[in-house]
Amino acid sequence: MTESNRDTQPFLQDIALIVGGGPGISSSCARLFAENGMRVAVAARNPEKAVLETLEKVHGVRRYACDASEPEAVAQLFANVAREIGAPRLVVHNIDGRVPGIFRKGILEADPIMALETIRNSAFSAFLVGQQAARLMLGNEPDVNGTRGTIIFTNASAALKGFPSSGAFAMACHAKSGLAQSMARELMPQGIHVANVPIDAAIGWTQEDGTRAHRLAGTTVEDNMADPVHIAETYLQLHRQHRSTWAFEIVLRPWVEKW
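Values in this document were obtained by computation on a predicted structure and should not be read as measured data.

Calculation rules
- Residues numbered from 1 in each chain as written.
- Predicted model: local features only at pLDDT ≥ 70, side-chain atom pairs only at ≥ 80, totals over all residues.
- Heavy atoms only, no water.
- Helix = DSSP H or I, 4+ residues; strand = E, 2+ residues; numbered from the N terminus.
- Buried < 20%, exposed > 50% of the residue type's maximum accessible area, 1.4 Å probe, protein only.
- Contact = heavy atoms within 4.5 Å.
- Polar contact = N/O pair within 3.5 Å; in protein donor to acceptor, adjacent residues only side chain to side chain.
- Core = buried A, V, L, I, M, F, W, Y, C linked by side-chain atoms within 4.5 Å.
- Expected span 1.5 Å × (residues − 1).
- Arc of directions from axis to C-beta.
- Disulfide = S-S within 2.5 Å.
- Axes fitted to C-alpha atoms, helices over the stretch in contact; angles between N-to-C directions.
- Parallel < 35°, antiparallel > 145°, perpendicular 65-115°, else oblique.
- Left-handed = near helix turned anticlockwise from the far one by under 90°.
- Nonpolar A, V, L, I, M, F, W, Y, C, P; charged D, E, K, R; others polar.

Describe the environment of Met38, with residues and values.
Here Met38 lies in the loop between α2 (25–35) and β2 (39–44). Residue class for Met38 comes out buried when judged on its relative accessible area of 6%. Linking Met38 and Leu136, residues 98 residues apart in sequence, is a C-alpha distance of 17 Å.

Mind laying out the environment of Glu84, listing which residues take part and the relevant values?
Positionally, Glu84 belongs in helix α4 (residues 71–84). Between the C-alpha atoms of Glu84 and Leu128, which are 44 residues apart in sequence, the distance is 20 Å. Residues within four places of Glu84 in sequence aside, it is in contact with Arg39, Arg62 and Tyr64. At 2.8 Å, the side chain of Glu84 forms a polar contact with the side chain of Tyr64.

How would you summarise the nonpolar core if you had to cite specific residues and measurements?
Soluble, globular proteins show a tendency: their nonpolar side chains are buried together. Counting residues in each nonpolar core, the largest one holds 30 residues, and the members touching the most others are Ile18, Phe33, Val40, Ile152, Ile199, Ile231 and Tyr235. Elements that contribute at least two residues to this core include exactly β1 (15–19), α2, β2, α3 (50–59), β4 (90–93), β6 (192–199) and α7 (228–240). Top contributing element to this core by residue count: α2, with six residues. Ignoring any residue separated from it by four or fewer positions in sequence, one finds Ile152 in contact with Leu90, Val91, Val92, His93, Ala195, Val197, Tyr235 and Leu238.

Please set out α4 residue by residue, giving values where relevant.
The end-to-end C-alpha separation of α4 is 20 Å, in line with the 20 Å expected for 14 residues at 1.5 Å each. Every buried residue of α4 is listed here: Val74, Leu77, Phe78, Asn80 and Val81. With its buried residues spanning 160° around the axis, α4 presents them on a single face. Residues of α4 that are exposed and angled more than 90 degrees away from the buried face: Glu72 and Arg83.

Tell me what's going on with the state of the cysteines, and back it up with residues and numbers.
Per the counting criterion, the structure on display carries zero disulfides. The closest cysteine sulfur to the non-disulfide-bonded Cys29 is located on Cys173, 17 Å from its own sulfur. A residue is classified by how much of its surface remains accessible, and Cys29, at 0% relative accessible area, is buried. Classification of Cys173 by relative accessible area gives buried; the value is 2%.

An account of the side chain of Ser125 is requested, with residue identities and associated values reported.
The residue Ser125 is located in helix α5 (residues 112–137) in this model. Looking at Ser125, its side chain comes within polar contact range of the side chain of His93, at 2.8 Å.

Give me the lowdown on the packing of α2 against α7, citing residues and values where you can.
At their nearest, the axes of α2 and α7 sit 8 Å apart, and the two run at 55° to each other. In terms of orientation, α2 lies oblique with respect to α7. Like other packed secondary-structure pairs, α2 and α7 cross with a definite hand, here right-handed. Counted together, Ile25, Ser28, Cys29, Leu32 and Phe33 of α2 and Pro228, Val229, Ile231, Ala232, Glu233, Tyr235 and Leu236 of α7 form the full contact between these two elements. For the contact of α2 with α7, the per-class residue count stands at ten nonpolar, one polar and one charged.

In structure tokens form, the structure reads like this:
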């Protein structure tokens, strides 16, 4: 196999599973992975979202219902994907996990139940998805790069710094980072690439009118928000990295972000 073929051939029949389904990172990943010859599945609590239906119609993406905070549901998801499509070689966990009532709540007013639910939705679901992904990937035959699979965790700037009035989310994001680091040290020597990707920005995805916007941060001006199209490109590049130079953590932020 030539050098140029090595860069493309192993990825043509890859199977990708994205857990978390929305119009931003998940949809951008699904489109890009499908355009690069992968068979793609997306799992969400509500797989009937219009954006996911469009992905199915246009790109042949398979949709699955799954509450990723439930162990049985996650185990069943991976079993269904493996049976109906094949064992995934790329798994992306893309779940924020915050419940609406926990936003901007100081430590004295944060509801403990909401804090626990946020951790369950985010970090615990990452554990469940990572565990099932590892179980399947360890059974994959290594590709020409010696890789059995790639597991990518989307994270946030709260993984790097605990902001005021954001204790629950900071706990969840730090926990996800710790999980990813532990998994990377355990699984990378076995041929599974694990990456943690904190995104230090609001994410502005393309709207029907062609602008990029975020529901809270408003409309993007001069690329001041992260573009999920380019986040997806980074994820694909992570999946294709040579094992001699696997990146564990990549922090993405816009050029004007203050950090």
